[in-house]
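Close look at the chain arrangement
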Amino acid sequence: MSARSDRYEPVIGLEVHAQLSTRSKMFCGCSAAYGGEPNTQVCPVCVGLPGALPVANARAVEFAVRMGVATHCAIADESVFARKNYFYPDCPKNYQISQYDTPLCHGGHLALAGGRRVGITRIHLEEDAGKLLHAEGAHSLVDMNRSGVPLIEIVSEPDIRSVEEASEYLQKLRSLVRYLGICDGNMEEGSLRCDVNISVREKGSADLGVKTEVKNLNSFKQVEQALAYEFERQAGIAEAGGAVAQDTLLWNAERGVAEVMRSKEEAHDYRYFPEPDLLVLRVDESLRARVASGMPELPDAKEARFVAQYKLPAYDAGVLTATREVADYFEAAAEAAGEAKAASNWVMGEVLRELNERKIEIAAFEVAPAALGELIRIQVAGKINSSTAKEVLRKMIATGKTAPGIVAEKGLEQISDDDAIERAATEVLDAHPGEVSKYLGGKEKVMAFFVGQLMKATRGKANPKLATDTFKRLLEARRG
Amino acid sequence: MKIDRDTIRHLERLARIELDADEVARITEQLDRIVAFVEQLQSVDTAGVPPTGLMSHEDGDRLREDERREGLPRDAVLGQAPDATDGYFRVPRVIERGES
Amino acid sequence: MSALHTLGVSELRARLAAGEMSPVDAVASTLDAIAARDAGVGAYLEVFADDAMARARALADSGDCRKLPLGGVPIAIKDNICVAGKRTTCASRILRDYVSPYTATAAERLQAAGAIVLGKTNLDEFAMGSSTENSALGTTRNPWDPARAPGGSSGGSAAAVAAEMAAAALGSDTGGSIRQPASFCGVVGMKPTYGRVSRYGLVAFASSLDQIGPIARSVADVALVLEAMCGHDPRDATSLSAPVDRWSERLEAGLEGMTVGVPAAFLADMDATVRAAFDAALARAREGGARIREVTLPHAAYAVAAYYIIANAEASANLARYDGVKYGHRAVVDTLYDMYTRTRDQGFGAEVKRRILLGTYVLSAGYYDAYYRQAQKVRSLIIRDFEAVFAACDLLMMPTAPTPPFRLGEKIDDPILMYLSDVYTIPVNLAGLPGISLPVGLTDGRLPVGVQLVGRALDEERVLRGAAGLERACGFHERAIG
């Protein structure tokens, strides 16, 4: 890194908006689903027709409380919705119903690896705006399908001290909302959005510098790039003895720069006041109990348990618990196989590779965990070697048949019969007297050639270890 | 004078209303008098009095179940739009991105 | 012309239920009255003659007319209440051609009860006003004297009922907009407890104050219409679950045994003619069995100021949606910013603009605590004042308006003077209490004077019962317009 990062450190806070995966919108019964034809998921409420009124979605409240509990926040017994007033074409009422003075959750934290904690100032409920498209020419287009979809806004304390930490925080947040089943965490589709606040200061200082806000970040990569860019820019200004302006910036992904937003008017005065169309939002005992009893094992706890219970290294446990679905798959496969380490290798290796290549989720993977477990059992028992096993998996995916079935049908069982191996190995040595001399002359690498020939002759079914041992014995015998 | 031309200009911006030149002076003066009128509230002792933000004579949940209900067909929504095309509302081009 | 249009709701229902007449006759007679009289009154912005007759015929054919509680009753609806497929203009240029795709819950319930909507009535633009002079779409005159205002903002509804161009009408009341025009037009008008009637489909002015309510020519009629509309609506989170009773069947006992409070100090500034009528009504109330006692409302004098801050703050946000993007008027200009500002300047009248700017001001940075928050606290004090009164009384009695109906043009140039005509009605909205206005007498110049009865939250029964008693005792009914 540059010398700047020796002298300066970034002070970073993230504001994350997560779209809640409810069936209907925050304040009306329109579908909250993504991707519909424009303006087909609308009603008087979410288009802001005269006379329409909002009514809050109970499940959205429950989802928000789940997130608050999972991040150790205090959940307000009573909170209030507020109108945030500003004019914009994607904002049908020209105010957004949000929360201001009294957020639903506050005072929580998210733990990063190594014990560092990032404070969570608040989590509150609000409604999303519609979508604005900038057509060619002199117009912009508005689609109100997204208007009114429930959001939670998660505001972190400025506790983050590096781009890597910011990335980790965001990844953990994403993993958490997916674990909780409240949001699908897709930055590219916009169900997870992130704005960053960043200032810089000399290392060791406790002061807070002037911060800038960067918006329009549409992927994890862009978050990292924007933070790195801003850090360099602000540190450069500090080095030169200048002052950073408190700007709001838009990230320009094409050019890789953050540009100051040009606005006609000054900073927004949102004129917040309590939303008179909605009454006090109460979180009662029964809701708290429902959330508590429905809380799944959270990622950090699951990771720790995998290390302890399955004796896996921390790295493996981390990979396996990245999503709840993969973690569940692993555990089912491990139980079916009776072998946690082997199951871990298989899931982290072959299975995740399949998912990544084909860009599918594990729910779409053709091989059930029990079936994978069966395959693992056969391999561990020595009936097939590892390259055969990979073959079998591919056939399982293609045909849906079981591992034992495929092995039997194709006669893939590993040859571990001593006599058969000895006969085949003897044939190989007899056929290649030159190589035998080379080996006996000291070229140990020739062993790989012999094993390869044996594999060819047995159509890959020879037990490799047994083959190697047998060759060694036979060759020694020929020395004398 | 609490409400002057600068205040009015600021309020016009916030409220997105551009007053006609002949109206501005009159409305400025009227608003100034109205604000002076409501100033009387300053003389009420409200120490320790909670503000009434929401009006309700009943306690109780006012949430709705997360169920889908039929909305409006697109024609009903776009049919009266001053300008619409291809299923979208159309407005003069937005120069920069607004709030997230 | 048959005289069916002169019948009130109760009478019409009695005859319709007995099969003595057809809803077609009632509607036809009322439409004739409109044709004959409305040119001189200007109550209606739009009359749905064909629709109304078609509905009347359908109702007659279905045979349901007898058993539906309001079957065949011709009603008018204030044009800030949505009816599907019809224009809802709010008497504003900005919505002059706007057609609502849905019907307000209150109107839906009345239609389900068999009422027949004759048309939409005039109002002050977006319900902001006390004389209906702020309408951008026409002038409404007081049927008692065409040089005078019908009151506002529900002036069209009140005038329609007074001139027998509807058996009943819906209005809306935020600071007195049902009660004051009812008083000016010599009819009965009620604002229910906040939350009794769904606001879904009422174009919002001030969300924590607005209520839809009935206007008719007798207390019994008002009760019948109110019963048919009240009740929880899942589409309005502020609507109440409290059960709705058949208040119209509980009016007999009148004022007997009731303790009625009068806040004399607060009423000191009423006009001499109003005072004469009010004192006479007090005497009638005593004769009717009420016990009168003096009470105080120490903070009521601040109600108008608190109201103008709170109502206009809410209104500034409620009217932000009128921007030319989705519906309504749009100014044809090049930039988005100009589109907003020119649309709203062209579309809104002066009073609406004043109120939006004031509301924006009191919420703006640096002023919120001094104005808005302070006003909310004063509102709490006013609520407490009423609670103290109703610990000792069943009802509160006040004049509805401090003056008899004023002349058109008399107050329109002085906003504050106009605001003060709501001095006795506004406190009731701030506290969300039920209040009714009924005519009790005439001035020497034959102008109607109304008196207000206010009750505890959710105590519609006592308010209506007491009003029925006062109505009987004062005998105003006999003096309707010919």
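Our structure's up above, just so we're on the same page.
So, a few notes on the structure that sits alongside this text. (Residues numbered from 1 in each chain as written. Chains lettered and ligands numbered in written order. Predicted model: local features only at pLDDT ≥ 70, side-chain atom pairs only at ≥ 80, totals over all residues. Heavy atoms only, no water.)

1. Topic: the interface of chain C and chain B
When the parts of a complex come together, some accessible area is lost, and that lost area is often taken as the interface size. Contact with chain C, which involves 72 residues of that partner, is made by 54 residues of chain B. Buried surface at the junction of chain C and chain B, summed over both partners, amounts to about 5400 Å²; 65% is from carbon and sulfur atoms. Remark: the boundary between chain C and chain B carries 3 salt bridges. The salt bridge partner of Glu23 of chain B is Lys353 of chain C, with a shortest N-O separation of 3.1 Å. Inspection of the region where chain C meets chain B yields 20 residue pairs in polar contact (both at pLDDT 80 or more). Going through the elements one at a time, α9 (303-318), α10 (336-347), α11 (350-363), α12 (368-392), α13 (415-419) and α14 (426-431) of chain C are the ones with two or more residues in the side of chain C that touches chain B. In terms of residue count, α12 of chain C provides more of the side of chain C that touches chain B than any other element does, 13 residues in total. Here the residues of the side of chain C that touches chain B are counted per class, giving 40 nonpolar, 16 polar and 16 charged. (Contact = heavy atoms within 4.5 Å. Buried area = accessible area lost by both parts, 1.4 Å probe. Salt bridge = Lys/Arg side-chain N within 4 Å of Asp/Glu carboxyl O. Polar contact = N/O pair within 3.5 Å; in protein donor to acceptor, adjacent residues only side chain to side chain. Helix = DSSP H or I, 4+ residues; strand = E, 2+ residues; numbered from the N terminus. Nonpolar A, V, L, I, M, F, W, Y, C, P; charged D, E, K, R; others polar.)

2. Things to note about the pairing of strand β3 (residues 116-121) of chain C
All names here are of chain C. Counting buried positions along β3 gives 6 out of 6 residues, so the element sits mostly inside the fold. As defined by bridge partners, strand β1 (residues 44-47) adjoins β3 across 3 bridges and the pair is classed as antiparallel. Residue pairing in the sheet places Val47 in a bridge with Gly119 of β3. Here strand β2 (residues 74-78) runs beside β3; their pairing, made up of 5 bridges, is parallel. The partner of Pro74 across the bridge, within β3, is Ile116. The parallel pair β2 and β3, bridged by helix α4 (residues 105-112), forms a crossover whose chirality is right-handed. (Buried < 20%, exposed > 50% of the residue type's maximum accessible area, 1.4 Å probe, protein only. Pairing = 2+ DSSP bridges. Right-handed = clockwise from strand over helix to strand, strands pointing away.)

3. Describing the nonpolar core
Core analysis: the biggest nonpolar cluster contains 279 residues, and Leu125 of chain A together with Phe126 and Ile436 of chain C have the highest contact counts within it. Here the element with the most residues in this core is α9 of chain C; it accounts for 12 residues. If you look at the next biggest cluster of nonpolar residues, it comprises 39 residues, including Ala337, Ile376, Met396 and Ala403 of chain A. (Core = buried A, V, L, I, M, F, W, Y, C linked by side-chain atoms within 4.5 Å.)

4. As for the sheet that holds strand β8 (residues 291-294) of chain C
Working definition: the strands of a sheet are paired by backbone hydrogen bonds and lie parallel or antiparallel to each other. Residue and element names in this part refer to chain C. As summarised here, the arrangement of the 11 strands in space is β1-β3-β2-β4-β6-β5-β10-β11-β9-β7-β8, forming an open sheet in which the pairing is mixed. The sheet is open, and its two borders are formed by β1 and β8, each paired with just one other strand. Along the sheet, successive strands turn relative to each other by an average axial angle of 30 degrees, direction set aside. As defined by bridge partners, strand β9 (residues 395-399) adjoins strand β11 (residues 448-455) across 5 bridges and the pair is classed as antiparallel. The residue of β11 that forms the bridge with Leu395 is Gly455. Packed onto the sheet, helix α7 (residues 219-229) meets β4 (168-173), β5 (188-191), β6 (211-216) and β10 (435-442) and runs at close to 145 degrees relative to β6. (Axes fitted to C-alpha atoms, helices over the stretch in contact; angles between N-to-C directions.)

5. Examining the interface of chain C and chain A
Facing 40 residues of chain C, the contacting portion of chain A comprises 31 residues. Taken together, chain C and chain A are joined by 1 salt bridge. Where Asp277 of chain A meets Arg199 of chain C, a salt bridge forms, and the shortest distance between an N and an O atom there is 2.9 Å. In this assembly, chain C and chain A are joined by 15 residue pairs in polar contact (both at pLDDT 80 or more). When residues of the side of chain C that touches chain A are traced back to their parent elements, those giving at least two are α9, α10, α11 and α12 of chain C.

6. As for the side chain of Thr7 of chain B
For Thr7 of chain B, the position within the fold is in helix α1 (residues 5-15). In this structure Thr7 of chain B touches Lys2 of chain B together with Tyr361 of chain C, once residues within four positions along its chain are discounted.

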